[in-house]
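The chain contents come next:
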2 protein chains.
Amino acid sequence: MKKGDTFFLHATPVYIRGSGCCGGKKEGEGPLGHNFDHIGTDNRFECETWEKSEMRMVEIAGEIALKKAGLSGDSIDVAVGGDLLNQCISTSFAMRQIGVPFLGLYGACSTMAEGILVGSMLLAAGFGQNVLATASSHFCSAERQYRYPLEYGGQRPPSAQWTATASGAVVLSLQPSDIRVRSVTVGRVFDPGVTDASNMGPAMAQAAYESLKTHFRDTGTGPKDYDLIATGDLAKIGEGVVRRLFYADGVEMGGQYCDCGCMLYSQEQDVCAGASGCGCSAAVLCSNIIPKMKMGDYRRVLFAGTGALLSPVSTNQGESIPGICHVVSMEVAGQ
Amino acid sequence: MKKGDTFFLHATPVYIRGSGCCGGKKEGEGPLGHNFDHIGTDNRFECETWEKSEMRMVEIAGEIALKKAGLSGDSIDVAVGGDLLNQCISTSFAMRQIGVPFLGLYGACSTMAEGILVGSMLLAAGFGQNVLATASSHFCSAERQYRYPLEYGGQRPPSAQWTATASGAVVLSLQPSDIRVRSVTVGRVFDPGVTDASNMGPAMAQAAYESLKTHFRDTGTGPKDYDLIATGDLAKIGEGVVRRLFYADGVEMGGQYCDCGCMLYSQEQDVCAGASGCGCSAAVLCSNIIPKMKMGDYRRVLFAGTGALLSPVSTNQGESIPGICHVVSMEVAGQ
């Protein structure tokens with residue numbers, strides 16, 4: 001059933017059957033590090049290039065998610081996923097290894113939410129029993145692709161964000177499990193006119209605000225109905241913008257709202273405004289949100305993946321940075 | 001209903017309600033040029049950069065498809081689409097203009113087929129009435145991104161393909177229309193080990209063979225059951241490889257098999273092995289296949305979008321070129 005931009009998974013319940021996440025050294029040292037399934041001793045994951053390291057992270061996260069779901073690759077009807085690299089190579093090459101039917105996505109840093117959204121709808125349509133959704137980013141591959149060679153040692157302004165070296169994977173399934181996907185809201189592209197590629201939180205914040213507002217409208221809920229509302233990677237500055245936009249509508253987002261970009265690293269880790277990248281929200285989902293839902297700490301959660309739809313070329317050509325946000329509503333099953 | 005890797009759209013029939021395509025000067029001079037809905041006088045489409053020209057093409061194709069479907073943007077429940085540019089900017093920026101809920105895809109040159117496939121499943125799941133699926137490529141933006149600056153005037157080997165300057169858009173709908181999507185097969189990633197980025201037909205041909213074989217198996221059909229089997233952009237060399245792979249199985253692909261990369265340009269247009277790019281299969285679908293189905297020249301068609309999952313970085317790092325192929329089975333409605 002659909003209302004507004006939101007699809008309700010009432011008729012065909014979809015569950016999160018397993019999840020896995022893999023991170024780099026810095027992510028392991030962060031406040032969520034102890035909850036990662038796999039932390040690399042360095043950021044190389046025994047590969048010779050950063051791009052291959054990222055491919056390997058996708059494979060590792062996927063393998064762990066499958067293992068936790070008690071499934072082999074043969075049981076996966078389709079995999080959906082993507083990343084930030086040009087032509088999404090880390091996901092495509094990982095899928096060569098994983099070997100299941102594959103639909104590539106590009107939602108920038110919103111990809112984990114987009115994957116859960118698309119995967120849930122494929123299962124609702126009747127396309128099989130199990131879907132694997134993945135997303136990844138790597139600081140070193142992203143930095144040289146979007147900004148400067150690592151060796152250049154460029155200064156970072158306080159508004160910059162640190163691309164997470166992380167990959168997350170989720171197995172969606174029709175088989176009942178602890179956590180259920182309740183509804184999904186497909187985002188639209190919004191552009192508040194930000195042109196500074198070192199300040200992407202505010203560029204994506206409007207999309208987050210619009211998609212969350214749409215979700216609240218379509219579902220007849222508000223912030224108080226959720227134990228956690230997590231946007232993807234707006235970091236400190238973008239999180240503040242979302243709060244202010246809702247406050248102007250008379251809506252208090254409250255203590256249950258937090259951005260994944262503010263959760264992955266500690267204040268002492270020198271990451272400027274916070275974390276970003278496809279891997280940020282994917283890793284926070286799989287290392288923190290899903291485990292806490294399983295423990296009963298959160299019962300109802302909005303996971304709002306945010307993406308900045310820019311490339312270095314679009315920025316160099318004077319374009320502003322549009323944002324998008326897809327919302328996934330999850331709850332502990334049996335409520 | 002699903003069988004193997006194929007999803008059958010029996011329970012919820014999905015129709016192609018409208019389509020539009022837009023092309024550049026060279027595409028207008030080709031054998032299908034007179035069937036394009038919009039041909040630019042040059043390849044700029046009144047924009048100042050090639051990337052913006054490509055964004056404009058997506059907008060134009062989308063507007064035409066909506067107009068032919070008799071719909072406004074408000075009637076579109078979701079748009080799906082992608083392109084070849086880094087971070088898929090031509091589609092993302094076009095969607096900022098089109099303004100509907102949007103799911104970004106990355107399937108390299110298979111994107112038009114992937115979009116029809118995903119869009120059909122979203123409609124089958126109950127997500128609304130109408131989906132817009134788009135895909136695009138631009139010779140000038142692709143050439144400088146994947147190969148050399150245009151001004152360099154690099155020599156092209158005979159195995160090279162010419163990236164189409166074209167965009168195609170299709171409106172999928174639950175409202176009955178002339179052409180129905182019958183089933184879709186999700187492709188897997190296959191890698192025959194080709195490492196020459198100037199010879200991508202053979203790199204993708206194995207994926208095309210595997211996905212078509214899977215489709216024939218899942219649907220209990222063979223080449224003779226279709227009036228046209230069109231792969232996406234294998235061009236002359238890759239088309240020959242597909243024929244030979246099937247021939248080794250004792251299957252004759254016959255005269256009804258043709259690759260879109262062999263259809264877009266004439267022999268005299270100096271395109272080496274043929275056409276490629278997301279825009280190739282999208283434009284051939286919208287300028288040739290759909291119109292011929294409407295006229296009754298073709299009644300049953302397999303549209304097998306092919307994609308090479310490489311980037312210049314993966315090739316420079318010594319990786320081979322994996323391919324993927326998604327298959328869409330269409331038929332004239334009422335059969």
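Structure shown above.
These numbers were taken from a predicted model, which means no experiment stands behind them. (Residues numbered from 1 in each chain as written. Chains lettered and ligands numbered in written order. Predicted model: local features only at pLDDT ≥ 70, side-chain atom pairs only at ≥ 80, totals over all residues. Heavy atoms only, no water.)

Visitor: It is not clear to me how the overall build of chain A should be interpreted in this structure. Could you clarify?
Guide: For chain A, the count of helices and strands is nine helices and 15 strands. Here chain A has a C-alpha radius of gyration of 18 Å; the compact-globule value for 335 residues is 20 Å, and the two agree. Over its C-alpha atoms, taken along the principal directions, chain A stretches across nearly 55 × 50 × 35 Å. When each of the 335 residues of chain A is scored for burial, the buried share is 68%. Counted over contacts in chain A with a minimum sequence separation of 6, partners at least 24 positions apart contribute 78%. Side chains of chain A give 27 positive and 34 negative charges; the mean places of these two sets differ by 4 Å. (Helix = DSSP H or I, 4+ residues; strand = E, 2+ residues; numbered from the N terminus. Rg over C-alpha atoms; globule rule 2.2 N^0.38 Å. Buried < 20%, exposed > 50% of the residue type's maximum accessible area, 1.4 Å probe, protein only. Contact = heavy atoms within 4.5 Å. Lys, Arg positive; Asp, Glu negative; His and termini not counted. Charge placed at Lys NZ, Arg CZ, Asp CG, Glu CD.)

Visitor: Please explain the packing of helix α4 (residues 111-125) of chain B against helix α8 (residues 278-295) of chain B as it appears in this structure.
Guide: When two helices pack together, their arrangement is given by the angle between the helix axes and by the axis-to-axis distance. Residue and element names in this part refer to chain B. Running from N to C, α4 and α8 point in directions that differ by 60°, and their axes come no closer than 7 Å. Here α4 lies oblique to α8, going by the angle between them. Residue-level contacts link Thr111, Met112 and Ile116 of α4 to Cys278, Ser281, Ala282 and Leu285 of α8. Looking at side-chain class alone, the contact of α4 with α8 contains five nonpolar, two polar and no charged residues. (Axes fitted to C-alpha atoms, helices over the stretch in contact; angles between N-to-C directions. Parallel < 35°, antiparallel > 145°, perpendicular 65-115°, else oblique. Nonpolar A, V, L, I, M, F, W, Y, C, P; charged D, E, K, R; others polar.)

Visitor: Just checking my understanding: could you explain the relation of the copies chain B and chain A for this structure?
Guide: Each of the two chain copies can be brought onto the other by rotation about an axis and movement along it. Rotating chain B by 180° and moving it 0.0 Å along the rotation axis overlays it on chain A with an RMSD of 0.0 Å. Within this description, the copies of the chain are treated as partners about a two-fold rotation axis. (Least-squares fit on C-alpha atoms with pLDDT ≥ 70 in both.)

Visitor: In this structure, what is going on with the pattern of salt bridges? I would like to understand it.
Guide: When the charged atoms of two side chains with opposite charge come close together, those side chains can pair. This structure, assessed with the given rule, holds 34 salt bridges over all chains. Here aspartate 178 of chain A and lysine 294 of chain A are joined by a salt bridge, their closest N and O atoms 3.5 Å apart. Here aspartate 178 of chain A is found in the loop between β9 (166-173) and β10 (179-185), whereas its partner lysine 294 of chain A is found in helix α8 (residues 278-295), with 116 residues between them in sequence. Given a relative accessible area of 39%, aspartate 178 of chain A falls into the partly exposed group. Glutamate 143 of chain B is paired through a salt bridge with arginine 156 of chain B; the nearest N and O atoms lie 3.0 Å apart. Of this pair, glutamate 143 of chain B sits in helix α5 (residues 139-146) while arginine 156 of chain B sits in the loop between α5 and β8 (161-163), and the two are 13 residues apart along the sequence. Note on glutamate 143 of chain B: relative accessible area 9%, which makes it buried. Classification of arginine 156 of chain B as partly exposed rests on a relative accessible area of 23%. Each of Arg56, Glu59 and Glu63 of chain A takes part in a single network of salt bridges with overlapping partners. (Salt bridge = Lys/Arg side-chain N within 4 Å of Asp/Glu carboxyl O.)

Visitor: Where do I start with the environment of isoleucine 76 of chain A in this structure?
Guide: All names here are of chain A. Tracing the backbone shows isoleucine 76 in the loop between α2 (50-69) and β5 (78-83). Residues isoleucine 76 and valine 131 lie 55 residues apart in sequence; the distance between their C-alpha atoms is 5.6 Å. Residues within four places of isoleucine 76 in sequence aside, it is in contact with Leu66, Leu71, Val100, Pro101, Asn130, Val131, Leu132 and Val171.

Visitor: Looking at this structure, how should I read unusual backbone geometry?
Guide: Negative phi values dominate among residues other than glycine, just as trans dominates among peptide bonds. Residues and elements named next belong to chain B. A positive phi angle, near 55°, is found at aspartate 270, a position not held by glycine. In this fold, aspartate 270 is placed in the loop between β12 (257-259) and β13 (274-276). A residue is classified by how much of its surface remains accessible, and aspartate 270, at 61% relative accessible area, is exposed. Located in the positive-phi region is cysteine 272, a residue other than glycine, with phi close to 55°.

Visitor: Help me out: how do you make sense of the interface of chain B and chain A in this one?
Guide: Reports often express the size of an interface as the amount of accessible area lost when the parts come together. The interface of chain B with chain A comprises 57 residues on the first partner and 57 residues on the second. Both sides of the chain B and chain A interface together cover about 4,700 Å² of buried area, and 63% of this is carbon and sulfur. In this structure, the salt-bridge partner of aspartate 77 of chain A is lysine 2 of chain B, at a minimum N-O distance of 2.4 Å. Mapped onto the side of chain B that touches chain A, the elements with two or more residues apiece are β2 (6-8), α2 (50-69), α3 (89-98), β6 (102-104), α4, α5, α9 (312-316) and β15 (323-332) of chain B. In terms of residue count, α4 of chain B provides more of the side of chain B that touches chain A than any other element does, seven residues in total. Here the residues of the side of chain B that touches chain A are counted per class, giving 30 nonpolar, 16 polar and 11 charged. (Buried area = accessible area lost by both parts, 1.4 Å probe.)

Visitor: I keep staring at the packing of aromatic side chains and nothing clicks. Help me out?
Guide: Each aromatic ring pair is specified by the distance between its two centres and by the angle formed by the two planes. On inspection of all chains with the given rule, the structure shows 12 aromatic pairs over all chains. Members of the aromatic cluster, connected to one another through ring pairs, are Tyr209, Phe216, Tyr226 and Phe246 of chain A. One Lys or Arg, arginine 300 of chain A, reaches over the ring of tyrosine 226 of chain A and ends 5.3 Å from the middle of that ring. Sitting above the plane of the tryptophan 50 of chain B ring, arginine 44 of chain B keeps its charged end 4.1 Å from the centroid. (Phe/Tyr/Trp six-rings, centres within 6.5 Å; stacked < 30°, edge-to-face > 60°. Lys NZ or Arg CZ within 6 Å of the ring centre and 35° of its normal.)

Visitor: In this structure, what is going on with the environment of threonine 41 of chain A? I would like to understand it.
Guide: Following the sequence through the fold, threonine 41 of chain A ends up in the loop between β4 (38-39) and α2. Residue class for threonine 41 of chain A comes out exposed when judged on its relative accessible area of 72%.

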